[in-house]
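These are the residues of each chain, in order.
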Amino acid sequence: MNPFYHKAAGAPADPRISAKDSGETHRYLRKLCLLPVCGMLLSMWFCILFFCTRSGYHRPLLSMGLALSFLALGWTLFLLWLLEERLSAFTSDLCRTIDRMTEGGTCPDAGSDKETLKSRINCRLLRLYQIMQTQKHAAEKEHQKLQQLITDISHQVKTPVSNLMLVTDTLLTRPGSAEEQTVFLKGLKNQTDKLHFLFQALLKTSQLETGAIQLQKSDTSLYATIAQALSGILCQADHKHLSVTVNCPEELCLPHDRTWTSEALFNLLDNAVKYTPEGGSIRISAELWEMYAKIDITDTGIGIPESSHAAIFRRFYREHEVHNIPGVGIGLYLTRKIVTLQGGYVIVASAPGEGSTFSVFLPRHF
């Protein structure tokens, strides 16, 4: 077994160099270096014996060969010892550097600017260390995001689950009239609808973030996409007596994923309906720019403070002022994710009491 890889094969808990490993390395180096030395001595004696058989000077040649052999052997052993010490020091230093890297210690020295073997190895070790640190930080960041996601989900699920338990316990333990049971059943439906919406939104977000679903862009009518998004909110808008107007040329086409883009626009329209008082209005308009198609969704709702314009796109974020309005705070996050995956972006212009305008920019070309 190669002693340089002895530790890796055993996979011990502590990979640092021991005295046993150092001894094995020395023995391996001796064997490696003695082979050419023995070959050199045998070749030299073969040459001496060959000349001795061809000439009559047997004794002088043998004596001189013997003396030269001892001198060559002595210098060779000295060179082997020197080489062994240098290689042993080099391998020990290399293993210590790798140990510090794997234990998360200090960054390896980049070495001098000279083009030497040690300098080249140190440069590659430095690159490896930087890659390891980058991967470590990315893993820590993903772990933090996962913890935050679990915390957010548990917070969002806790309230509807508690309400469901309370209503079911009430129905089971306290008899009531048919009207009271109807009220309780409506409450159950509202909470189950909220859970269903939350799970569907989380599923869509997970599919987009993990790449389980790839957006398929095709040259499609933007008017048809807007109409598909509008179909999901017309009933709610009519219930609140909201006027909805659309200003989009029917012939306007651009490359986009119709299904997911309508999902993104629906989330914006759904928020507009929820946060606009009765009798308000919602306006959708689309126009072509040089590089993008701009879709504006404007409402006369309660508005958003400028300090919260960036925060509203975070997952599960909701303003304190709207906690009494149904919602889980994931629609805008999902909208921005869908638009970003298509090479576009979303901006908002809003102020408290002045309504909001969400502008979606989609690329005009593939």
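See the structure shown above.
Attention here is on the structure that accompanies the text.

Rules behind the numbers
Residue positions are given per chain, counted from 1 along the sequence in the order it is written. The model is predicted, so local features are restricted to residues of pLDDT at least 70 and side-chain atom pairs to those at 80 or more, both for listing and for counting; the totals for chains, interfaces and linings are taken over all residues. With hydrogens and water stripped out, all remaining heavy atoms of the structure feed into the side-chain values. A run of DSSP states H or I qualifies as a helix once it reaches four residues; a run of E qualifies as a strand once it reaches two. Both are numbered from the N-terminal end. Burial classes follow relative accessibility: with a 1.4 Å probe on protein chains only, a residue under 20% of its type's maximum area counts as buried, one over 50% as exposed, and anything between as partly exposed. Residue contacts follow a heavy-atom distance rule, with two residues in contact if any of their heavy atoms lie within 4.5 Å. Method for areas: the Shrake-Rupley scheme with a 1.4 Å probe, in which residue coverage is limited to the protein chains shown. Axis lines are fitted to C-alpha atoms, over the contacting stretch for helices. Their N-to-C directions set the angle, which ranges from 0 to 180 degrees. Roughly parallel means an angle under 35 degrees; roughly antiparallel means over 145; roughly perpendicular covers 65 to 115; every other angle is labelled oblique. Left-handed describes a crossing whose near helix is turned anticlockwise from the far helix through less than a right angle; right-handed describes the clockwise counterpart. Any residue that is not Ala, Val, Leu, Ile, Met, Phe, Trp, Tyr, Cys, Pro, Asp, Glu, Lys or Arg is counted as polar, Gly included; the first ten are nonpolar and the last four charged. A pair of strands is labelled paired if DSSP reports no fewer than 2 bridges between them. Only residues whose relative accessible area exceeds 30% and that form no salt bridge enter a patch; like-charged residues are grouped when within 9 Å of one another, and nonpolar side chains (Val, Leu, Ile, Met, Phe, Trp, Tyr) when within 5 Å. By definition, a salt bridge exists where a carboxyl oxygen of Asp or Glu is found within 4 Å of a side-chain nitrogen of Lys or Arg. Here, expected helix span is obtained from the residue count minus one, scaled by 1.5 Å. What qualifies as a polar contact is a pair of N or O atoms within 3.5 Å, subject to a donor-acceptor requirement within protein and to the restriction that residues adjacent in sequence count only when both atoms come from side chains.

## Examining the overall build of the protein chain
Link 1 in the chain: Looking only at helices and strands, the protein chain features nine helices and seven strands.
Link 2 in the chain: A burial count over the protein chain gives 34% of its 366 residues as buried.
Link 3 in the chain: Expressed as a percentage of contacts within the protein chain between residues at least 6 apart in sequence, the contacts between residues at least 24 apart total 70%.
Link 4 in the chain: Here the protein chain displays about 23,200 Å² of accessible surface, and carbon together with sulfur accounts for 61% of that area.

## Considering the packing of helix α5 (residues 178-210) against helix α9 (residues 331-341)
Link 1 in the chain: Close contact between α5 and α9 brings their axes to 10 Å; oriented N to C, the two are set at 30 degrees. Taken as axis vectors, α5 and α9 run roughly parallel relative to one another. Of the two elements, α5 crosses α9, and the hand of that crossing is left-handed. Here α5 contributes Lys204, Thr205, Leu208 and Glu209 to the contact with α9, which in turn contributes Tyr333, Leu334, Lys337, Ile338 and Leu341.
Link 2 in the chain: Residue composition of the contact of α5 with α9, by class: five nonpolar, one polar and three charged.

## Some remarks on the sheet that holds strand β4 (residues 281-288)
Link 1 in the chain: Taken in spatial order, the five strands of this open sheet run β2-β4-β5-β7-β6, and their pairing is mixed. With one partner strand each, in any of the chains shown, β2 (243-247) and β6 (345-350) form the two edges of the open sheet. Here the strands of the sheet are splayed against their neighbours by 15 degrees on average, with no regard to which way each runs.
Link 2 in the chain: Across five bridges, β2 lies against β4 in parallel orientation. Looking at the pairing, asparagine 247 lines up with serine 285 of β4.

## Quick word on a nonpolar patch on the surface
Link 1 in the chain: On the surface, Trp75, Phe78, Leu79, Trp81 and Leu82 cluster together into a nonpolar patch covering about 580 Å² of accessible area.
Link 2 in the chain: Along the chain, leucine 79 turns up in helix α3 (residues 58-102).

## What about the side chain of threonine 335?
Link 1 in the chain: Mapped onto the secondary structure, threonine 335 falls in helix α9.
Link 2 in the chain: Those residues within four positions of threonine 335 in sequence are excluded, and the remaining contacts are Ala264, Asn267, Leu268 and Val346.

## Regarding the pattern of salt bridges
Link 1 in the chain: In this structure the tally under the stated criterion is three salt bridges.
Link 2 in the chain: With a closest N to O distance of 3.0 Å, glutamate 263 and lysine 204 form a salt bridge. Highlighted residues: glutamate 263 in helix α8 (residues 258-274) and lysine 204 in helix α5, separated in sequence by 59 residues.
Link 3 in the chain: For lysine 204, a relative accessible area of 23% puts it in the partly exposed group.
Link 4 in the chain: In this structure, aspartate 270 and lysine 274 form a salt bridge, with 3.7 Å as the shortest nitrogen-oxygen distance. Placement of both aspartate 270 and lysine 274 in helix α8 is noted, with a separation of four residues, approximately one turn of the helix.
Link 5 in the chain: Since its relative accessible area comes to 11%, aspartate 270 is described here as buried.

## A closer look at α8
Link 1 in the chain: Given a rise of 1.5 Å per residue, 17 residues ought to cover 24 Å, and the 24 Å separating the end C-alpha atoms of α8 matches this to within 8%.
Link 2 in the chain: Counted residue by residue, α8 has 13 buried out of 17 residues, so it is predominantly covered.
Link 3 in the chain: Its side-chain oxygen placed 3.2 Å from the backbone nitrogen of threonine 259, aspartate 257 serves as the N-cap of α8.

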